[in-house]
Amino acid sequence: MGENDAETPQQEQPEKYDLFNTAELAELYSKYQPPLDERVIEIVLSSTKGRDCLVDIGCGSGSSTRPFCSHFSKVIGVDYSPAQIDLAKSLSQEISNAEFLQGSLYELPVADSSVDCIIGVMIAQFIDLPQLFEEAKRVLKPGGVLLFHGKGSPKVVQIERESETESKTDTTISQLNERISYIKTGLFAGLFHDRTHFNPQKYSNIPPLHADQDITREEWTSSRWTTLPVLADYMLTWSAAGKYCAKHGLSSGELREKMIEVMKGGDNGMCSVRCEADRFTWATCHVTGG
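Residues numbered from 1 in each chain as written. Predicted model: local features only at pLDDT ≥ 70, side-chain atom pairs only at ≥ 80, totals over all residues. Heavy atoms only, no water.

Moving on, we come to the overall build of the protein. Each helix and strand in the protein was counted, giving eight helices and eight strands. Sorting the 290 residues of the protein into buried and exposed places 52% on the buried side. Taking the contacts inside the protein whose residues are at least 6 apart along the sequence as the reference set, 80% of them involve residues at least 24 apart. A total of about 12,800 Å² of accessible surface is found on the protein, and carbon and sulfur atoms cover 48% of it. (Helix = DSSP H or I, 4+ residues; strand = E, 2+ residues; numbered from the N terminus. Buried < 20%, exposed > 50% of the residue type's maximum accessible area, 1.4 Å probe, protein only. Contact = heavy atoms within 4.5 Å. Areas by Shrake-Rupley, 256 points an atom, 1.4 Å probe, with all protein chains shown as cover.)

This is how it looks when you write it as structure tokens:
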């Protein structure tokens, strides 16, 4: 799911928009969402005892599913969106132990007590947690792990310019972050989906699978160099971007150019930027009889 969909509590959704069930968004998501962080894979493997079956809920095009295929005998991706599942299958034809199924996260197509790990990447803010918890208790083996991974907003910490000569029009780091914030809270005001406040609190407010159960949480910061056009490509994967295009009759390309211009603010000298973003995981085990 889109990284920024839980950053800012928002108002009512203005128009009906199928958040992720379009071929265009599936393609954008596959191309422009950052790959699954290696640390998430390490956390899953260190937390999970068995290696028979992992289920990726809200798998999208499979970018968070395929990395586990070399570690588990069977990996299953489930998503409500036929468009996402079609793309996931197309991108995974050479992987024999991966299966992608369109369906409900609350009626997973697996047997009782058969799953070693359920992982959900940027999905917690979109789902009915109590309902998912009941399904997780059904399908997880005793000691099986339910893990959510979340991502925070990118924050610019360094700007590299085409010329080292400073001018009055040079954008400061603070100004660029304010422009990015405007895209999220001004341009896309009221269009983000989340009502849970999970991401702003880095999943610390997600309840345990069983009452009085310990939760394992980890936090870290990722960093990468990128360009404003690539940053705009990434923003196109947000559900709010699709709703903005639907509301205003724009193509994704037109919105991309609009966001680039907002970030530039008339300054054409920025050639690359270094962004940092919070990463966090929430994990708990299924306790038999819990």
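Additional details are given in the paragraphs that follow.
Below, the discussion takes up the side chain of Asp-233. Counting through the fold element by element, Asp-233 comes out in helix 6 (residues 228-235). Taking the relative accessible area as the measure of exposure, Asp-233 reaches 7% and is therefore buried. The residues touching Asp-233, leaving out its near neighbours within four places in the chain, are Tyr-32 and Arg-256.

Counting through the fold element by element, Ser-104 comes out in the loop between strand 3 (98-102) and strand 4 (115-121). Relative accessible area serves as the criterion here: at 30%, Ser-104 is assigned to the partly exposed category. Linking Ser-104 and Ser-81, residues 23 residues apart in sequence, is a C-alpha distance of 9.6 Å. Only 3.0 Å separates the side chain of Ser-104 from the backbone nitrogen of Tyr-106, close enough to count as a polar contact. (Polar contact = N/O pair within 3.5 Å; in protein donor to acceptor, adjacent residues only side chain to side chain.)

Most of strand 1 (residues 53-57) sits out of view: five of its five residues are buried. Side chains of strand 1 alternate between two faces, with Cys-53, Val-55 and Ile-57 and Leu-54 and Asp-56 buried alike. Sheet topology note: the strand 1/strand 2 (residues 74-79) ladder contains five bridges and is parallel. Counted as the bridge partner of Cys-53 is Lys-74 from strand 2. In the sheet, strand 1 pairs with strand 4 via four bridges, with the strands oriented parallel. Looking at strand 4, one finds that Val-55 is bridged to Ile-118. (Pairing = 2+ DSSP bridges.)

As a further point, take the packing of aromatic side chains. This structure, assessed with the given rule, holds eight aromatic pairs. Ring geometry for Phe-188 against Trp-238: centres 6.2 Å apart, planes inclined by 80°, an arrangement best described as edge-to-face. One end of the pair, Phe-188, is in the loop between helix 5 (173-187) and strand 7 (216-226); the other, Trp-238, is in the loop between helix 6 and helix 7 (239-248), and 50 residues separate them in sequence. Three or more aromatic residues joined by ring pairs form one cluster here, namely Phe-133, Phe-148, Tyr-203, Phe-280 and Trp-282. A cation sits over an aromatic face here: Arg-51 above Phe-72, 5.7 Å from the ring centre. (Phe/Tyr/Trp six-rings, centres within 6.5 Å; stacked < 30°, edge-to-face > 60°. Lys NZ or Arg CZ within 6 Å of the ring centre and 35° of its normal.)

In total, this model carries 15 salt bridges according to the counting rule given. Connected through shared salt-bridge partners, Lys-202, Arg-217, Glu-219 and Asp-278 make up one network. (Salt bridge = Lys/Arg side-chain N within 4 Å of Asp/Glu carboxyl O.)

The subject of this paragraph is empty space enclosed by the protein. Over the atoms rolls a probe the size of a water molecule, and in doing so it shows where empty space is left. Across all of its chains, the model carries three cavities of 30 Å³ or more by this definition. Space inside the largest cavity adds up to approximately 100 Å³. If you go around the largest cavity, you meet 13 residues; those closest to its centre are Tyr-29, Ser-63, Ser-64, Val-121 and Lys-151. Classifying every residue of the lining of the largest cavity by side-chain character gives seven nonpolar, five polar and one charged. (1 Å grid on protein atoms, 1.4 Å probe; cavity = no way out; pocket = protein on both sides within 12 Å on 5 of 7 lines; lining within 4 Å. Points joined across faces, edges and corners; volume = space filled by probe spheres on them. Nonpolar A, V, L, I, M, F, W, Y, C, P; charged D, E, K, R; others polar.)

On to helix 5, then. Compared with an ideal rise of 1.5 Å per residue, which puts 15 residues at 21 Å, helix 5 spans 20 Å between its outermost C-alpha atoms and is within 8% of the ideal. Taking the largest bend as the criterion, helix 5 deviates by roughly 30°, centred on Ser-181. Taken together, the buried positions of helix 5 are Leu-176, Asn-177, Arg-179, Ile-180, Ile-183, Lys-184 and Leu-187. Buried-residue contacts for helix 5 involve strand 6 (155-161), helix 6, helix 7, helix 8 (252-264) and strand 8 (270-285). (Expected span 1.5 Å × (residues − 1). Bend = angle between axes of the 7 residues up to and from the residue.)

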